[in-house]
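Fold and geometry: a report
Each chain, written out:
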Amino acid sequence: MAAGFKTVEPLEYYRRFLKENCRPDGRELGEFRTTTVNEFGAPPTDAPDKGYVVPNVDLSPLCSSRFRSGPPGEEAQVASQFIADVIENSQIIQKEDLCISSGKLAWVLYCDLICLNHDGNILDACTFALLAALKNVQLPEVTINEETALAEVNLKKKSCLNIRTHPVATSFAVFDDTLLIVDPTEEEEHLATGTLTVVMDEEGRLCCLHKPGGSGLTGAKLQDCMSRAVTRHKEVKKLMDEVFKSMKPK
Amino acid sequence: MAGLELLSDQGYRVDGRRAGELRKIQARMGVFAQADGSAYIEQGNTKALAVVYGPHEIRGSRARALPDRALVNCQYSSATFSTGERKRRPHGDRKSCEMGLQLRQTFEAAILTQLHPRSQIDIYVQVLQADGGTYAACVNAATLAVLDAGIPMRDFVCACSAGFVDGTALADLSHVEEAAGGPQLALALLPASGQIALLEMDARLHEDHLEQVLEAAARASRDVHTVLDRVVRQHVQEASVLLGD
């Protein structure tokens, strides 16, 4: 009976639940898989001390029937750009750390995020996956041979990246211009009248705010969102620390 | 060939297996709730994920609809991080298209397409880590995913690769053995009837040796079938427990 009601009046179905302040299903995030691959590149001429970090989000028809095969669609490109902005603004890693020899050689980190199962809220999932992958990166030591001017890579000595901040993204879906839901699933995103993503780091600094159109929000609501993002950051940070501790023996 | 010895005098391969021995297979069905059918398989270090959507209405041009059967659409994609060096194009390149076509041909032989005319069945396969035998892993994962989706098939489709070194046929080649450059054969088998759905080999092999290699691949495919059968039964058992039967 509930299932029939759901198809006929999806919005009403959700409204009933929202009144009770609960959700009809367990929160499910789209699964993500990231890896970062290291490669050598020449640093850009306008910033000879910096390396590159190249993020790429891949939303294939594998994860949802919404996506078509072929060149990256709109959603994938927006997500890739969002991740690039988060990396840039939150300064997870200093690009200077990636430089091996000023003006000549620097590391290029390719971050490939592949979505395996899309159930809404990809931006949050992307940010976590990226953070976890960056924590896992091990860069081998590189020395430039003075005589031959070639790089010598020492695979035996590897060092981890210096992660400065831990940005955590929190997404909200706006319903009826008033109600806000944290961490929307795909159905909720589809029915929502707008979305908002807030990226905070551990010191309560705002790294990125992403509100692509949709219904308007008052300033008070926005403040409310940001305080919720701070609490979410604490929860997520605890979870992440547990995971990283269990990953330690390597 | 100097350096790596693919088959030692005692009959052990590089990773310690015997000539006809398969790598360890671990598989799970129903990994994603979003898709109609999904499966994940690990054959040694090769990891493949298959997702099935369908049968559903034809996407795109209605003209492609077949009046008496379903259209099977396969896409093969290998992740940029699946190989040692970063792959620039995960899909759309020639090898991926060829693999997609081979998978489609394999599954058109196995799926009972007459039961779903004018509709489309999508099979997406993603290789997460490639360590040899990617075609075989894809076929095995896709079989489990199609079964998970409840699409009727004639039989399981089990695949395995085989090679030939020093007069012995090797089953289930790893990347090291494939890269060595000897003849390689990929076989997709329907185990109950013993029918071959797909057979592919592009290398020089004397016809006297063909039967030996084919036999090794067929035997290995049947071993794969035993494993997959067990996985399916276990999955069904777990599902019926959850449903409270």
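Parameters at a glance
- Residues numbered from 1 in each chain as written.
- Chains lettered and ligands numbered in written order.
- Predicted model: local features only at pLDDT ≥ 70, side-chain atom pairs only at ≥ 80, totals over all residues.
- Heavy atoms only, no water.
- Contact = heavy atoms within 4.5 Å.
- Salt bridge = Lys/Arg side-chain N within 4 Å of Asp/Glu carboxyl O.
- Polar contact = N/O pair within 3.5 Å; in protein donor to acceptor, adjacent residues only side chain to side chain.
- Helix = DSSP H or I, 4+ residues; strand = E, 2+ residues; numbered from the N terminus.
- Nonpolar A, V, L, I, M, F, W, Y, C, P; charged D, E, K, R; others polar.
- Buried < 20%, exposed > 50% of the residue type's maximum accessible area, 1.4 Å probe, protein only.
- pLDDT = per-residue confidence, 0-100.
- Pairing = 2+ DSSP bridges.
- Expected span 1.5 Å × (residues − 1).
- Arc of directions from axis to C-beta.

**Concerning the interface of chain A and chain B**
Taken together, the 23 residues of chain A in the interface contact 18 residues of chain B. Counting across the interface, chain A meets chain B through zero salt bridges. Put simply, chain A and chain B have six residue pairs in polar contact (both at pLDDT 80 or more) between them. Only β1 (31-41), β2 (52-58) and β4 (105-117) of chain A provide two or more residues apiece to the side of chain A that touches chain B. Across the side of chain A that touches chain B, the residue classes break down as seven nonpolar, eight polar and eight charged.

**Re the pattern of salt bridges**
Within the structure shown, the criterion is met by 20 salt bridges over all chains. Between E88 of chain A and K95 of chain A there is a salt bridge, with its nearest N and O atoms 3.0 Å apart. Of the charged contacts, one joins R104 of chain B and E108 of chain B as a salt bridge, the two residues approaching to 3.4 Å between their closest N and O atoms. Here R104 of chain B and its partner E108 of chain B are both found in helix α1 (residues 94-110), four residues apart, which amounts to about one turn of the helix. Assessed through its relative accessible area of 30%, R104 of chain B is described here as partly exposed. Put simply, R13, D15, R17, R23, D131, D172 and E177 of chain B are held in one network by salt bridges that share partners.

**What about the confidence of the model for chain B?**
All names here are of chain B. Looking at chain B as a whole, its pLDDT mean stands at 89, while 98% of the residues score no less than 70. Across chain B, helix α2 (residues 134-148) holds the top mean pLDDT of 95, while helix α3 (residues 175-179) sits lowest at 89. Confidence metrics for the complex model read pTM 0.83 and ipTM 0.78.

**Focus on the pairing of strand β9 (residues 195-201) of chain B**
Consecutive side chains along a regular strand alternate between the two faces of the sheet. Residue and element names in this part refer to chain B. Sheet topology places strand β8 (residues 184-190) next to β9; six bridges connect them, and they run antiparallel. Within β9, the residue paired with L189 across the bridge is I196. What sits between the antiparallel neighbours β8 and β9 is a turn of four residues, in which G194 has the positive phi angle 75 degrees.

**Focus on α1 of chain B**
Side chains three or four residues apart in an α-helix point the same way, a direct result of the helix having 3.6 residues per turn. All names here are of chain B. Compared with the 24 Å implied by 1.5 Å per residue over 17 residues, the 25 Å span of α1 between its first and last C-alpha is a close match. Along α1, the residues that are buried comprise S96, M99, G100, Q102, L103, T106, F107 and A110. All buried residues of α1 lie within an arc of 165 degrees about the axis, which places them on one face of the element. Along its buried surface, α1 packs onto β4 (71-78), β5 (119-129), α2, β8 and β9.

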